[in-house]
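What follows is the residue order along each chain.
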Amino acid sequence: MVEEVLEEHGQIDILINNAGTRCDIPFHRMTRRQWSSVLTTNLDGAYNLTRAVINPMRQRGYGRIIFITEPCARIAGPGHANLTASKSALVGLTRSLAEENAAMGITVNCVRPGFIETRRLSALSISDRERILSRIPMHRFGKPDDVAHLVEFLVSDQASYITGQEYCVDGGCNPRYLG
């Protein structure tokens with residue numbers, strides 16, 4: 001895929017690592033397959049794509065890399081050991097890659113959306129949605145554009161001095177209080 005993009009466009013300026021999956025189950029019941037499935041998609045997938053674009057970005061002296069995580073990257077919850085491990089690792093990867101590549105004109109940042117109006121959120125029961133909504137200080141769920149606008153800024157030249165950072169788009173919600 002990366003070779004095709006480079007062949008067609010000659011360069012890759014931006015990589016948004018947004019792939020993710022989950023398998024919510026308590027750790028003591030989690031199979032090796034359930035563990036591996038989540039880490040393979042969430043962490044290995046980000047590694048594979050980032051590894052494929054980092055050298056062309058370094059050679060060019062320019063690049064923007066964004067990792068999309070989620071609240072469990074900071075606040076763990078029951079049944080999310082594999083998800084928390086994979087998304088927390090992306091936060092660490094963000095910081096390491098930012099340090100390694102800043103002098104090469106590459107910024108690396110992390111965006112952590114909270115409760116955003118998506119299919120996954122709409123699948124929750126009305127009572128669960130109301131419970132979550134009551135604990136969000138802005139009293140609303142986020143919209144995909146709320147996340148997109150931040151990502152758009154971080155990949156722009158206006159954010160050329162910002163790297164190694166993690167940004168929350170969550171309406172002021174502390175995930176610890178959602179349990």
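The rules behind the values
In this numbering scheme, every chain counts its residues from 1 along its sequence in written order. Only residues with pLDDT of 70 or above have their local features reported here, since the model is predicted, and side-chain atom pairs are shown and tallied only from 80 upward, although totals for entire chains, interfaces and linings are computed over all residues. Hydrogen atoms and water are omitted, and side-chain values are computed over all heavy atoms in the structure. Strands here mean DSSP runs of E at least two residues long; helices mean DSSP runs of H or I at least four residues long; both are numbered from the N terminus. The cut-offs for exposure are 20% and 50% of the maximum accessible area for each residue type, with area from a 1.4 Å probe on protein chains only; residues under the lower value are buried, those over the upper are exposed, and the others partly exposed. We call two N or O atoms a polar contact when they sit within 3.5 Å, provided that within protein one can donate a hydrogen and the other can accept it, with sequence-adjacent residues counted only if both atoms are side-chain atoms. Whether two residues are in contact is decided by their heavy atoms, any of which lying within 4.5 Å being enough. Aromatic pairing here means that ring centres of Phe, Tyr or Trp (its six-membered ring) are within 6.5 Å. Orientation follows from the plane angle: under 30 degrees is stacked, over 60 is edge-to-face, and everything else is tilted. Expected span, for any helix, means 1.5 Å times one less than how many residues it has. Fitting one axis to the seven residues ending at a residue and another to the seven starting there, the bend at that residue is the angle between the two axes.

Trainee: Lay out the side chain of asparagine 17 in plain terms, naming residues and giving numbers.
Mentor: Tracing the backbone shows asparagine 17 in strand S1 (residues 14–17). On the basis of relative accessibility, which here comes to 6%, the residue asparagine 17 falls in the buried class. Engagement of the side chain of asparagine 17 in a polar contact is seen with the side chain of threonine 50, the distance being 3.1 Å. Asparagine 17 has contacts with Gly45, Ala46, Leu49, Thr50, Ile65, Ile66, Phe67 and Ile68, leaving out every residue within four places of it along the chain.

Trainee: Tell me about the packing of aromatic side chains, residues and numbers included.
Mentor: Overall, the coordinates contain 1 aromatic pair when judged by the stated rule. For the ring pair phenylalanine 27 and tryptophan 35, a centre distance of 6.1 Å and an interplane angle of 80 degrees mean the geometry is edge-to-face.

Trainee: Any chance you could break down helix H2 (residues 32–60) for me, citing the residues and the numbers?
Mentor: With 29 residues, H2 should reach 42 Å at 1.5 Å per residue; the first-to-last C-alpha distance of 40 Å fits that figure. In H2, a bend of some 40 degrees at threonine 40 exceeds every other bend along the element. Turning to H2, its buried residues number three or more, namely Val38, Leu39, Asn42, Ala46, Thr50, Val53, Ile54 and Met57. Buried positions along H2 lie against helix H1 (2–9), S1, strand S2 (63–68), helix H3 (81–101) and strand S3 (106–113). The first or second residue beyond H2 is glycine 61, which carries a positive phi of 80 degrees.

Functional significance is not addressed by these values, which are geometric in nature.
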